[in-house]
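Structural overview
If you want the building blocks of each chain, they are given just below.
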Amino acid sequence: MPGPSLAGRSVVVTGGGSGIGAACARRAAQEGARVTICGRSEDKLVTTADAIRADGGEVALVVADVTVEGDVARLVAAAVAHGDGLDGFVANAGGGGGIAPYHLQRVEEYVRLLTVNVVGTMLCVKHAVPELVAAGGGSFVGMSSIAGHVTHRWFGAYPVAKAGIEEMMRNAADEYGPAQVRFNSVQPGFITTEVMAAIQPGTPIWNSYVDQTPLGDVGRPEDVAAVVSFLLSDDARWITGQAIAVDGGHSLRSGPDYTDFVDAMAGPGALDLIRDAPGRRHP
């Protein structure tokens, strides 16, 4: 029987203190990797690291902000020291923002989301690539979303940012393929994480996800972690420049409906411009 698929590998997971990132870190450690996790909350990182160690895994933690280049450089250096090199990188850190139609989007919030998702991922690519090349090749996984290619009304910069990550992975795959460094992105659908805890079963938004999902349910962080672990491993040696949906088939249909959140988050009457438009033809 084959051994753990990441035995002896050194892997970084950003945003590794909770949710999908924590699941990716735990899975990589279970597969034998020496894992380095980072995030802005030390308490969350400690909790995840303790769980990994309790399960017999090897892990180091670094408090870092992926939008700060010096922090990213320090993270990569720590991972190289902990893992005796760098073989894999999971750029999971990112996030969303306020729900509002485009005519009410605040520029500073729009730029913040582009920075944390796109610029943060770019800085991870920039500093990870030399070490991945030095190791003789490796795997970089960018965390996208089905929002990168299925419309998510009122989400502002988030769909744009996730689409940007996918294109970054495609271009990097082409640039660094000759050095045997692979780049892919993963597109989660609705995954039951702390971020999504405000959406309760049976509510209109929850139902708008489940009703548009052929498998008729929502996903778990471990579902995403399984695909990420595969992409980090040699089993995916011939896969690069791809975006892989982990969404129960949701992306085959249409995006979720967050209209119920708009007035609460963007203010009463946020959609009046659309609802009261003279040329509006639909209810």
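Residues numbered from 1 in each chain as written. Predicted model: local features only at pLDDT ≥ 70, side-chain atom pairs only at ≥ 80, totals over all residues. Heavy atoms only, no water.

Right, let's talk about the overall build of the chain for a bit. In terms of helices and strands, the chain carries 9 helices and 7 strands. Taken over the C-alpha atoms alone, the chain extends approximately 65 × 35 × 35 Å along its principal axes. By the burial criterion, 49% of the 283 residues in the chain qualify as buried. In the structure as shown, the chain presents an accessible area of about 13200 Å², 54% of it carried by carbon and sulfur atoms. For the chain, the centre of its 21 positive side-chain charges and the centre of its 31 negative side-chain charges are spaced 3 Å apart. (Helix = DSSP H or I, 4+ residues; strand = E, 2+ residues; numbered from the N terminus. Buried < 20%, exposed > 50% of the residue type's maximum accessible area, 1.4 Å probe, protein only. Areas by Shrake-Rupley, 256 points an atom, 1.4 Å probe, with all protein chains shown as cover. Lys, Arg positive; Asp, Glu negative; His and termini not counted. Charge placed at Lys NZ, Arg CZ, Asp CG, Glu CD.)

With parallel pairing, the 7 strands of this open sheet are ordered in space as S3-S2-S1-S4-S5-S6-S7. Each of the sheet's edge strands pairs with one partner strand only, and the pair in question is strand S3 (58–63) and strand S7 (243–246). The sheet shows a mean angle of 20° between the axes of neighbouring strands, taken without regard to direction. Across 5 bridges, strand S1 (residues 10–14) lies against strand S2 (residues 34–39) in parallel orientation. The residue of S2 that forms the bridge with Val11 is Val35. Against the sheet, helix H7 (residues 221–232) makes contact with S1, strand S4 (88–91), strand S5 (138–143), strand S6 (181–188) and S7, and its axis sits at roughly 170° relative to S6, the strand it touches most. (Pairing = 2+ DSSP bridges. Axes fitted to C-alpha atoms, helices over the stretch in contact; angles between N-to-C directions. Contact = heavy atoms within 4.5 Å.)

Let us look at the pattern of salt bridges. Within this structure, the stated rule accounts for 13 salt bridges. Salt-bridge contacts for Glu31 lead to Arg27; the nearest nitrogen and oxygen are separated by 3.3 Å. With relative accessibility at 28%, the residue Arg27 sits in the partly exposed group. Members of the salt-bridge network, linked through shared partners, are Asp263, Asp272 and Arg275. (Salt bridge = Lys/Arg side-chain N within 4 Å of Asp/Glu carboxyl O.)

So, on to the pairing of S3. In terms of strand pairing, S2 meets S3 through 6 bridges, oriented parallel. Looking at the pairing, Gly39 lines up with Val63 of S3. A crossover connection joins S2 to the parallel S3 through helix H2 (residues 42–54); in handedness this β-α-β unit is right-handed. (Right-handed = clockwise from strand over helix to strand, strands pointing away.)

Moving on, we get to helix H5 (residues 157–176). For H5, with 20 residues, the first-to-last C-alpha span of 28 Å sits near the 28 Å given by 1.5 Å per residue. Every buried residue of H5 is accounted for by Ala157, Tyr158, Pro159, Ala161, Lys162, Ile165, Glu166, Met168, Met169, Ala172 and Ala173. Those residues of H5 hidden inside the fold are in contact with helix H4 (107–134), S5, S6 and S7. (Expected span 1.5 Å × (residues − 1).)

Another aspect to go through is the environment of Pro159. Considering the arrangement of structural elements, one finds Pro159 in helix H5. Here the alpha-carbon distance between Pro159 and Ile146, two residues 13 residues apart in the chain, equals 8.3 Å. Dropping the residues within four chain positions of it, Pro159 is found in contact with Ala147, Gly148 and His152.

Below, the discussion takes up the packing of aromatic side chains. Following the criterion strictly, the structure yields 10 aromatic pairs and no others. Aromatic pair Tyr258 and Phe261: ring centres 5.7 Å apart, planes at 85°, arrangement edge-to-face. For Tyr258, a relative accessible area of 6% translates into the label buried. Judged by its relative accessible area of 28%, Phe261 is partly exposed. Counting every residue linked through ring pairs, the aromatic cluster contains Phe155, Tyr158, Phe190, Trp206, Tyr209, Tyr258 and Phe261. (Phe/Tyr/Trp six-rings, centres within 6.5 Å; stacked < 30°, edge-to-face > 60°.)

Moving on: unusual backbone geometry. In this structure, Asp84 is a non-glycine residue whose phi angle is positive, near 60°. Residue position: Asp84 is located in the loop between helix H3 (69–83) and S4. Of the residues examined, Asp84 reaches a relative accessible area of 71% and is grouped as exposed. You will see that Trp154, though not glycine, has its phi angle at about 75°, which is positive. By secondary structure assignment, the location of Trp154 is in the loop between S5 and H5.

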